[in-house]
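Spelled out, the chains give:
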Amino acid sequence: MTEYITVSDDDLVDARNGVIKLHGPDAFVGMRAAGRFAAEILDAIAPHVVPGVTTAELDQRVYDHMLRGGGIPATLGYRGYTKSCCISINHVVCHGIPGDKAIKYGDIVNIDVTPILDGWHGDTSRMYLAGNVPLKARKLVDVTYECLMLGIAQARPGNRLGDVSNAIQRHAEAHRYSVVRDFCGHGLGRLFHDSPEVVHAGRPGTGPELKPGMFFTIEPMINIGRADVKMLDDGWTAVTRDRSLSAQFEHSIGITDDGCEIFTKSPTGHDKPPYA
Ligand code: MF3
Ligand code: CO
Ligand code: CO
């Protein structure tokens, strides 16, 4: 049985306990601001994702932008993580740690940011293309974005989370790609990672029913090759076991009376490449 609790404004910051929070209008206002701020950071970083730049330099830009805008990076100090974003290149599935590594011509790069603004978490990621990227990789990026948006199109009251998952899985597999099973989307709001878990593959009509006021992310990771993932020794970086390319896009959304609101849409319309 799925449990729900209607939370008034921002008074309930309970740890994740399996109960799905249904938020009110004030929370939508908070998430709208945090989500927009997160999207603006991804807009601003685009011209800097070029061959030769190190991922640490990009992380510094994200950090500066967050602090200048009155936010803080949710990832900083999160379970021992010490950076302001995740940067995942080519066969890195997610949670790549910024460092001395430079981006190379032809790389596909995911940047995932989560600023906290006035206590609300805006969580979003996009793919960036460094220089001219091979068609095969660009195709993966395009289809992964389509997966995210097809999932979002199923996010409305009365549908279930499995309808979202299934839309993503069907589209990925129609292109002979695979959906990563080891990581999922998540509820968010005052908390970074809250209930429910949002898996990106599943059966229609299964899982929790979607209700107005639910906030969660959808963040499919799609591989050209097999779905299997391997963790690196740093304890964070997840890579494809077969070293095939992996792509990801993420939005934070809120279920409304008749559909959903995407909190993290690019204010300039640059939700997917090309950004120039
Ligand atoms: N932003 C990631 C997500 O989409 C989480 C990153 S946690 C970190 O949920 F510690 F790895 F940064
Ligand atoms: Co997320
Ligand atoms: Co994220």
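Residues numbered from 1 in each chain as written. Chains lettered and ligands numbered in written order. Predicted model: local features only at pLDDT ≥ 70, side-chain atom pairs only at ≥ 80, totals over all residues. Heavy atoms only, no water.

**Thoughts on a positive patch on the surface**
Together, Lys101, Lys230, Arg241 and Arg243 line one region of the surface with positive charge. As for its position among the elements, Arg243 is in the loop between strand S16 (238-240) and strand S17 (246-248). (Patch = residues over 30% accessible without salt bridge, like charges linked within 9 Å, V, L, I, M, F, W, Y side chains within 5 Å. Areas by Shrake-Rupley, 256 points an atom, 1.4 Å probe, with all protein chains shown as cover. Salt bridge = Lys/Arg side-chain N within 4 Å of Asp/Glu carboxyl O. Lys, Arg positive; Asp, Glu negative; His and termini not counted. Charge placed at Lys NZ, Arg CZ, Asp CG, Glu CD. Helix = DSSP H or I, 4+ residues; strand = E, 2+ residues; numbered from the N terminus.)

**Looking at the sheet that holds S17**
Spatially, S10-S14-S17 is the arrangement adopted by the 3 strands of the open sheet, whose pairing is antiparallel. Each end of this open sheet is capped by a strand with a single partner; those strands are strand S10 (178-179) and S17. Contacts from helix H3 (residues 135-153) reach strand S14 (221-223) and S17, with the element oriented near 40° to S17. (Pairing = 2+ DSSP bridges. Contact = heavy atoms within 4.5 Å. Axes fitted to C-alpha atoms, helices over the stretch in contact; angles between N-to-C directions.)

**Remarks on the coordination of the cobalt ion (ligand 3)**
The cobalt ion (ligand 3) binds to the protein through Asp112 (OD), Asp112 (OD), Asp123 (OD) and Glu250 (OE), with metal-donor distances spanning 2.1 to 2.3 Å. Considering all 6 donor atoms around the cobalt ion (ligand 3), angles at the metal cover 59 to 167° and the coordination shape is irregular. All donors to the cobalt ion (ligand 3) come from one chain, and their sequence spacing reads D-x10-D-x126-E. Separating the cobalt ion (ligand 3) and the cobalt ion (ligand 2) is a distance of 3.3 Å, and Asp123 donates to both of them. Highlighted residues: Asp112 in strand S6 (residues 108-113) and Asp123 in the loop between strand S8 (120-121) and strand S9 (124-129), separated in sequence by 11 residues. The two residues Asp112 and Asp123 agree in class, both being buried. (Donors = N, O, S within 2.8 Å, 3.2 Å for Na, K, Ca; no water. Tetrahedral: all angles 85-135°; square planar, octahedral: opposite > 155°, others 65-115°. Buried < 20%, exposed > 50% of the residue type's maximum accessible area, 1.4 Å probe, protein only.)

**Section: the packing of H3 against helix H4 (residues 161-174)**
For the pair H3 and H4, the least separation of the axes is 8 Å and the interaxial angle reads 155°. Taken together, the axes of H3 and H4 are roughly antiparallel relative to one another. Where H3 crosses over H4, the two elements pack in a sense that is right-handed. Here Val143, Glu146, Cys147, Leu150 and Gly151 of H3 lie close against H4, whose contacting residues are Val164, Ala167, Ile168, His171 and Ala172. Looking at the contact of H3 with H4, its residues break down into 7 nonpolar, 2 polar and 1 charged. (Parallel < 35°, antiparallel > 145°, perpendicular 65-115°, else oblique. Left-handed = near helix turned anticlockwise from the far one by under 90°. Nonpolar A, V, L, I, M, F, W, Y, C, P; charged D, E, K, R; others polar.)

**A word on the coordination of the cobalt ion (ligand 2)**
Protein coordination at the cobalt ion (ligand 2): the donors are Asp123 (OD), His186 (NE2), Glu219 (OE) and Glu250 (OE), at 2.0 to 2.2 Å from the metal. For the cobalt ion (ligand 2), all donor residues lie on one chain, and their spacing in sequence is D-x62-H-x32-E-x30-E.

**Points about the side chain of Lys21**
Along the chain, the position of Lys21 falls in strand S2 (residues 20-22). Within polar-contact distance, the side chain of Lys21 engages the side chain of Asp194 at 2.6 Å. (Polar contact = N/O pair within 3.5 Å; in protein donor to acceptor, adjacent residues only side chain to side chain.)

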